[in-house]
Amino acid sequence: MSSLQKEKIQAAFQERIDYDELLNCMRCGFCLPSCPTYIQSGYKESQSPRGRIALMKAVVDGVMEPDADFEQTLNECLGCRACEPVCPAGVNYGHLLEEARDILNQHKKHSLPVKVLRSSFFKHLFPNQKRMQKMTALLGVYQKSGLQTVARKTGVMKLFPESLRTMERILPKTPTLKTMQNKSPFYSTLSERKKVVGFFTGCLMDTMFNETNQATIHLLQKAGCHVVIPEVQNCCGALHGHAGEKELAIQLAKKNIMAFENEEVDYIITNAGGCGAFLHDYGHLLKKEPFWAERAEEFARKIKDITAVLVELDFHKLDLQLPQQVVTYQDSCHLRNVQRTFEEPRKLLKAIKGVTYEEMPDAERCCGSAGIYNLVHSELSMKHLDYKMERVQETQATTIVTTNPGCLLQMKLGIEREGLSERMRAVHIVDLLVEAVGVPGTPRNMSKKN
Amino acid sequence: MLEQSVINKLIEIVGESNVETSTTERVSYSYDATPNFQALPDAILAPQSTEEIANIIKLCNEEKIPIVPRGSGTNLSAGTTPLAGGIVILFKHMNRILEIDEENLTATVQPGVITLDLCNAVEEKGLLYPPDPSSMKISTIGGNINENSGGLRGLKYGVTRDYVLGLEVVLPNGDIIRTGGKLAKDVAGYDLTRLLVGSEGTLGIITEAILKLVPLPETKKTMLATYQSMDDAAMTVSAIISQKMTPTTLEFMDQPTIEVIEAYAKIGLPTDAKAVLLIEQDGMVEVVDRDIKRITEICKAHHAVTVEVAKDEMEAEQLRSARRAALSTIARLKPTTILEDATVPRSQIAPMVKAINEIAEKYSLKICTFGHAGDGNLHPTVPTDARDREEMDRVEKAFEEIFQKAVELGGTITGEHGVGAMKAPYLEMKLGKEGIEAMRAIKQSLDPNNIMNPLKMFAKDTRKRVVL
């Protein structure tokens, strides 16, 4: 980093970082035991929330320059926000981190390939649902045409980092283009009408995890909801926000707000903890735009996770049954720490007959998936995953349940890495509940293997 | 800055991966939980053994490099802020519980053990390590010993000092000594153990400790009494003690404190009450039941508006953890939070609380007061903003008056947080010139080069605050 660049970054920190929020941290250290990177690093203060806030403040105060070490420690934060619920002073660490990363990214000179990759992912792929569908369909072609087999046999896959290689193996069987495009804007309830809800379908969930979205709609119908699905909605922008592309995230947020604000719905339902949390934070994201701030708040207030609405509508009191199995739950960090939803998924799982629920030690600790963390910080991510898989095995569970696609893939990765795929599976809670409630075409007495 | 040759020698002692000198790391160890104190160390070391520490000290003594031992940096007197630069020593590799001796009722631990981990480990064996500072989830035993930390159970069980039986210490000249032992009685020589407990890292580095344990009480009950006047609450405290009962915990919170805790924890605290007492008793079932019943009567006799006994452990834990979070919760009110721990004989609680309120009014400040009423240990806390120089000036004056009043009432300037850099200027108020000289004589004979945690405990000039 040149000294001119450092000066520019420092100036941007002084201009943009909320100094009151920095001062709110009174360094009591209550966050330390909750921070996965602090623990994983062998208790390094610079890898803790208290340390990272002190470093940001030191840059603003001019105590230090924003050097490479500084950037690294901010980048190595998982952004799991486990520090927030335990912070008695109520510091919004996630907001500070996002702003800091956005500044660093804006001043970063990416190499050409990285630039192209970032641009195609963030600007052209994720914000465009049609392209997401085509991309997913292409993946389907790769999986079905025999190309996958060829790639594996020729050893081409060995050129990729280990986590990516394994990831290639555990990606779900993708839906066809036709399935993905076959959507209806409205589904009426299958029982007595209790609520009208909007369904935020998401980008990945609506393509690669299309089946989970179908299951979500079905559960909502069963629980007594009319389900409205505005067609023009798009990616929530979480990936952008977390990767320092705030401006793009703002554009996506505005589109989503417009898509939902004219619908008369009680809640806007999500089935991905990470997306839900980002939508939940739209008020903060748009707080500086007078025309949008209030609309964003209104939108954010309606956000509810699928598990929360199901419990509210007494879904867990229905007749839910599965073959005998031990089940454990891995919290989605953002569902727990930002949306503060953690009792509901457990309540639902415990309500299923045949399920022995075993709480995992440190279930609330991040699995290391963390958006694209497991791709960009592969080695660190695998350390978090190793710890997680040890805890999973202590529970003797055969089914690991998650509430977010990133966590789901990471848990599948963990199972594959540990060679446990013969006796363990990872599922999204929605897919398990659909099995349990018994849906035509999904015989509930036949446990699915992934 | 340290010369490269010195850094090389340090690397030789502890290994390259245990020496940090980058700006990022130096900034990360430039503070503790005390507002407005910050100074960068030159290097951070994480030794793995007593021998390594002895070698570090010898080198630093030769080179006259300051050393600050640091646990988790949760102290509130700037005791672990490296104000003179030098080396910060971490105990993250020395964090093992070496032994729990069920015959002698002792635990032998390394300094880096987290307080709560020790509490949990001994409770599994039906034993209790009583000192429970509010930061116990994070704080280390080494830090607790150096600061002589108190806690919520202090009234009945005492403070850290009462549970340290023996120490292994590296002195500033590099000598390794062992004091005390697994002994109920020991009068061999000066009581160096007691001298070192609470010495704030100014006399040497503690590398191992033998701690006293007690049998885990059979049961525990928690109750909450609310009052419409602060005086009534204070009178209740005096009445309980004078009726020959010693509750485990007798905590006090005033209205501003209750309001902020309720806003954070949402456990149904009555925000309209002027004062709340959190009372706990532990012991044998019959004794606890009897005491809780008698205490309830005393509360009512002193005009308590409500008296409630927690139904189960979950409810009780909610009340306790809400109290533990008091300080950081007050931090929500304003960007800067200044907390003191003036302490008076417990019979003087009511006059002290009254004085604090008058002082708050005189200087137009919001002061939240909570604390260990049974110990006479109050935490007047001011939510403020360090950027507001004019208000900070009033805060400083107010605290000076609070300290004066406490000493006048036969109390002290600090009950459990320590002197550090923050209260060094006021120490003479409590000890007098001669008292300070006696302390200085001890310091100079053990640490003639003043390498151990300099600028702490001994102020350059008295009364004036260092930074505020």
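Residues numbered from 1 in each chain as written. Chains lettered and ligands numbered in written order. Predicted model: local features only at pLDDT ≥ 70, side-chain atom pairs only at ≥ 80, totals over all residues.

Topic: the overall build of chain A
Note the cut-off: Helix numbering and strand numbering both begin at the N terminus, where a helix is a DSSP run of H or I of at least 4 residues and a strand a DSSP run of E of at least 2. Exposure classes come from backbone-placed C-beta atoms, where a residue is buried if 20 or more other C-beta atoms lie within 10 Å of its own, exposed if 12 or fewer do, and partly exposed in between. Two residues form a contact once the distance between their C-beta atoms, set from the backbone, is within 7 Å.
The number of helices and strands found in chain A is 25 helices and nine strands. A principal-axis box enclosing the C-alpha atoms of chain A has dimensions of 65 × 50 × 40 Å. Across the 450 residues in chain A, those meeting the buried criterion constitute 49%. A separation of at least 24 residues holds for 78% of the contacts in chain A among residues at least 6 apart in sequence.

Let's talk about the overall build of chain B
Definition in use: Every radius of gyration here is taken over C-alpha atoms, with the globule rule written as 2.2 Å times N^0.38, N being the number of residues.
Broken down by element type, chain B carries 15 helices and 18 strands. On C-alpha atoms alone, chain B measures out to a radius of gyration of 22 Å, which is about the 23 Å that the 2.2 N^0.38 rule sets for 468 residues. Its C-alpha atoms put chain B at 70 × 60 × 40 Å along the principal axes. Out of the 468 residues in chain B, the part that is buried amounts to 53%. A separation of at least 24 residues holds for 73% of the contacts in chain B among residues at least 6 apart in sequence.

Points about the domain arrangement of chain A
How big an interface is tends to be reported as the loss of accessible area on association of its parts. Residues and elements named next belong to chain A. Short version of the rule: Domain boundaries shown here were taken from an automatic or database domain assignment. Gly is placed with the polar residues, together with every amino acid not listed as nonpolar (Ala, Val, Leu, Ile, Met, Phe, Trp, Tyr, Cys and Pro) or charged (Asp, Glu, Lys and Arg).
Once the domains are mapped, chain A shows domain 1 (3-106) and domain 2 (316-437). Taken residue by residue, the interface counts ten residues in domain 1 and 15 residues in domain 2. Residues that form the side of domain 1 that touches domain 2 fall into these classes: five nonpolar, two polar and three charged.

Observations concerning helix 4 (residues 115-123) of chain B
Defined as follows: This arc is taken over the directions from the axis of the helix to the C-beta atoms.
Within the span of helix 4 of chain B, buried status applies to B:Thr115, B:Leu118 and B:Val122. For helix 4 of chain B, the angular spread of the buried residues around the axis is 65°, confining them to a single face.

Quick notes on the interface of chain B and chain A
Counting residues at the interface gives 28 residues for chain B, matched by 27 residues for chain A. Of all the secondary structure elements, the ones that give two or more residues to the side of chain B that touches chain A are helix 2 (23-28), helix 12 (326-330) and strand 16 (336-339) of chain B. In terms of residue count, the dominant contributor to the side of chain B that touches chain A is helix 2 of chain B (five residues).

A look at the domain arrangement of chain B
All names here are of chain B. Its domain assignment divides chain B into domain 1 (4-90), domain 2 (97-215), domain 3 (219-325) and domain 4 (329-408). Its C-alpha centre places domain 2 at a distance of 30 Å from the equivalent point of domain 4. If you look at the interface, domain 2 gives four residues, while domain 4 gives four residues. Here the side of domain 2 that touches domain 4 is built from residues that sort into two nonpolar, two polar and no charged.

Observations concerning the sheet that holds strand 9 (residues 176-180) of chain B
All names here are of chain B. Put simply, the test is: A pair of strands is labelled paired if DSSP reports no fewer than 2 bridges between them. In this description, a line fitted to the C-alpha atoms serves as the axis of each element, helices being fitted only across the stretch in contact, and the angle between N-to-C directions of two axes falls anywhere from 0 to 180 degrees.
Strands sit in the order 5-6-10-8-9 across an open sheet of five strands; the sheet is antiparallel. Each having just a single partner strand, strand 5 (97-101) and strand 9 make up the two edges of the open sheet. Pairs of neighbouring strands in the sheet enclose a mean axial angle of 10°, with direction left out of account. Pairing of strand 6 (residues 106-109) with strand 10 (residues 205-212) involves four bridges; the strand directions are antiparallel. Directly across from threonine 106, in strand 10, lies its bridge partner lysine 212. Contacting strand 8 (164-170), strand 9 and strand 10, helix 3 (residues 50-63) crosses the sheet at an angle of about 50° to strand 8. Set on the sheet, helix 4 makes contact with strand 5 and strand 6; between it and strand 5 the angle comes to about 35°.

Describing the sheet that holds strand 1 (residues 186-187) of chain A
All names here are of chain A. What the five strands build is an open sheet, ordered 1-3-2-4-5; its pairing is mixed. Of all the strands in the sheet, the pair left with one neighbour each is strand 1 and strand 5 (303-305). Here helix 13 (residues 210-223) sits on the sheet and contacts strand 1, strand 2 (195-199), strand 3 (225-228) and strand 4 (267-270); the angle it forms with strand 3, its principal contact strand, is near 145°.

Some points on the packing of helix 23 (residues 378-394) of chain A against helix 24 (residues 405-417) of chain A
All names here are of chain A. To keep things clear, this is the line we draw: For this classification, under 35 degrees means roughly parallel, over 145 means roughly antiparallel, 65 to 115 means roughly perpendicular, and everything else is oblique.
Closest axis-to-axis distance for the helix 23/helix 24 pair is 10 Å, and the angle between their directions is 75°. One element, helix 23, and the other, helix 24, form an angle in the roughly perpendicular class. Here helix 23 contributes Leu385, Lys388 and Met389 to the contact with helix 24, which in turn contributes Gln410, Leu413 and Gly414. Its residues assigned to classes, the contact of helix 23 with helix 24 comprises three nonpolar, two polar and one charged.

Points about the packing of helix 8 (residues 230-242) of chain B against helix 10 (residues 285-301) of chain B
All names here are of chain B. So the rule is basically this: A clockwise turn of the near helix away from the far one marks a right-handed crossing, whereas an anticlockwise turn of less than a right angle marks a left-handed crossing.
The geometry of helix 8 relative to helix 10 is characterised by a closest axis approach of 9 Å and an angle of 140° between their N-to-C directions. As the angle between them shows, helix 8 and helix 10 are arranged oblique. The handedness of the crossing between helix 8 and helix 10 comes out as right-handed. Contacts from Thr236, Ala239 and Ile240 in helix 8 reach Ile295, Ile298 and Cys299 in helix 10.

Focus on the environment of A:Met382
Residue and element names in this part refer to chain A. Following the sequence through the fold, methionine 382 ends up in helix 23. Given 21 C-beta atoms within a 10 Å radius, methionine 382 is considered buried. Each C-alpha atom of the pair methionine 382 and glutamate 343 lies 27 Å from the other, and the pair is 39 residues apart in sequence.

Section: the pairing of strand 6 (residues 321-329) of chain A
Residues and elements named next belong to chain A. As paired elements, strand 6 and strand 7 (residues 353-357) share four bridges and run parallel to each other. The residue of strand 7 that forms the bridge with valine 326 is threonine 356. Here strand 6 runs beside strand 8 (residues 399-402); their pairing, made up of three bridges, is parallel. Within strand 8, the residue paired with tyrosine 329 across the bridge is valine 401.

So, unusual backbone geometry
Within the chain, A:Ala370 stands out as a residue other than glycine whose phi angle is a positive 45°. Phi at B:Lys64 is positive, roughly 55°, even though this residue is not glycine. Locating B:Lys64 in the fold gives a position in the loop between helix 3 and strand 3 (67-70). The exposure class assigned to B:Lys64 is exposed, which follows from the 10 C-beta atoms found within 10 Å.

A closer look at helix 21 (residues 343-350) of chain A
Each full turn of the α-helix corresponds to 3.6 residues, which orients residues three or four apart in the same direction. For helix 21 of chain A, the full list of buried residues reads A:Glu344, A:Pro345, A:Leu348 and A:Leu349. Looking down the long axis of helix 21 of chain A, one finds its buried residues gathered within 135° of arc, a one-sided arrangement.

Thoughts on the pairing of strand 3 of chain B
Residues and elements named next belong to chain B. Here strand 3 shows two buried faces, one formed by Ile67 and Pro69 and the other by Val68 and Arg70. When strand 3 meets strand 4 (residues 87-90), the two strands line up parallel, connected through four bridges. By the bridge assignment for strand 4, proline 69 is matched with isoleucine 89.

Overview of the environment of B:Pro47
Within the secondary structure, B:Pro47 is located in the loop between strand 2 (43-45) and helix 3. Those residues in contact with B:Pro47, other than ones at most four positions away along the chain, are B:Val14, B:Asn18, B:Glu52, B:Ile53, B:Ile56, B:Ile89 and B:His93.

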